[in-house]
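Listed below are the residues making up each chain.
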Amino acid sequence: MNNSSVKFGNMKKIITALLTATMFLSFNAYGEKPNNWGKWGADDERGAANYIQPQQVVAAAKLIQTGKLYSLAIPLDSTGPVFPSRIAPQHIMVATGADYASGLASAYGTAKFADDYIYMPLQGSTQWDALSHSWYGKTLYNNIDEASIKSAPAAGGATKLGIENVKTGFVGRAVLIDVLAYKGGSLPTGYAISRADIEGTLKKQKTKVQEGDVVIIRTGVVPAYYEQKTPMARLEFIMGPQAGINVDVVDWVAEAKVAGVAADNIALEVFPNPVPEKTFNVHGALLKDLGVYIGEIWWLEDLAAACAEDGRYEFFLAAQPLNARDIYFPLVVLILIDSPCSIYSGT
């Protein structure tokens, strides 16, 4: 079988999984349990972010020791990994120094300015999924009607469960779960990370997850994407199967009572799922059933190296999303402050 046949086969699997998942999510649930509906009141729109209380933030701040900084965000440009159905960010300049150098006169006396725009899907870089991003059936988290997600210009967007509900969220303790290192430094293409993998990694790291934590799972997908040398190679890579967590990790997430789960891949969960009808079940289970936020396209290589060198995998995290109303998935910018690994986020 030649390379073209293999690549076509991978794309066919992706398209089949997308179509199957679209049909499946319209009528199927991960299950009635686990479920956090009503846990924080009938009107709650923050979900598992409620697990993070002031006392957890104070305790996590004590992890900061040296103040070294590391970024966990990928570059915001047109070369990064995005889900195959989305376009990459497009950056254009509308005022430049070259304009003035070619004879353009300033409209403000001696003052000169550069100005630019970025056009992009809001899942085009390091980001969180809001609870309004994915669901199954006719309701979202906490029994909120899917009709609350609107497209009309005057009232468009997520009128419920928008990311602005957690604009001060995700500040506290976090834990790196370095599954990539636990499995020997590489994962098979499309590998489904199991609950046993999560628990085995934590045991090897001698790390415990606490209520209100954000857990960050290293898969190696994002750095592997950047290792592809040409735009076509990167496109073929991102169209292929991606390692991520499988549906059996959902029960572990519920039992651990974490606020969010993030990873260095494009969908958090394995894509496509080895069982096609389960593709994107993790999204529905976490966002709709548990109100747990999903982080995608994070850069973890520097974090992983710092944690491995120090032998500690817990750190202070501040990963607030953009304060954008009615948005389903906003960008986050992540900076690591050594504790050995603590994170500050600026937007």
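A quick note: this is a predicted structure, and the numbers were derived from the prediction, not measured.

**Student:** I would appreciate a short explanation of the sheet that holds strand β4 (residues 127-129) in the present structure.
**Tutor:** In sheet architecture, strand pairing relies on hydrogen bonds along the backbone and comes in two forms, parallel and antiparallel. Taken together, 6 strands build an open sheet; the order of strands is β4-β12-β11-β9-β7-β13 and the sheet is mixed. Looking at strand neighbours, the two that pair on one side only are β4 and β13 (314-318), the edges of this open sheet. The average angle at which neighbouring strand axes cross in this sheet is 30°, direction not considered. When strand β11 (residues 260-263) meets strand β12 (residues 293-296), the two strands line up parallel, connected through 3 bridges. Paired with Gly 260 across the bridge in β12 is Tyr 293. Along the sheet face, helix α2 (residues 54-61) touches β7 (171-177) and β13 and points at about 65° away from the line of β7.

**Student:** Where do I start with the environment of Val 270 in this structure?
**Tutor:** Its location among the elements puts Val 270 in the loop between β11 and α9 (281-290). The class for Val 270 is buried, based on a relative accessible area of 0%. Note: C-alpha distance between Val 270 and Phe 280 (10 residues apart in sequence) is 8.4 Å. If we ignore the near neighbours within four places in the chain, the residues touching Val 270 are Gly 190, Tyr 191, Ala 192, Gln 242, Ala 243, Gly 244, Ile 245 and Asn 246.

**Student:** Looking at this structure, how should I read the environment of Gly 260?
**Tutor:** Following the sequence through the fold, Gly 260 ends up in strand β11. As for Gly 260 and Val 292, which are separated by 32 residues in sequence, their C-alpha atoms are 5.2 Å apart.

**Student:** Explain the packing of helix α8 (residues 249-256) against α9 here, please?
**Tutor:** What describes two packed helices is the angle between their axes and the distance between those same axes. Two numbers describe how α8 lies on α9: the axes approach to 10 Å, and their chain directions differ by 25°. As far as their axial angle goes, α9 and α8 are roughly parallel. Considering the relative orientation of α8 and α9, their crossing is right-handed. Of the residues in α9, those in contact with Val 250, Val 253 and Ala 254 of α8 are Val 282, Ala 285, Leu 286 and Leu 290. Partitioned by chemical class, the residues of the contact of α8 with α9 number 7 nonpolar, no polar and no charged.

Cut-offs applied
Residues numbered from 1 in each chain as written. Predicted model: local features only at pLDDT ≥ 70, side-chain atom pairs only at ≥ 80, totals over all residues. Heavy atoms only, no water. Pairing = 2+ DSSP bridges. Helix = DSSP H or I, 4+ residues; strand = E, 2+ residues; numbered from the N terminus. Axes fitted to C-alpha atoms, helices over the stretch in contact; angles between N-to-C directions. Contact = heavy atoms within 4.5 Å. Buried < 20%, exposed > 50% of the residue type's maximum accessible area, 1.4 Å probe, protein only. Parallel < 35°, antiparallel > 145°, perpendicular 65-115°, else oblique. Left-handed = near helix turned anticlockwise from the far one by under 90°. Nonpolar A, V, L, I, M, F, W, Y, C, P; charged D, E, K, R; others polar.

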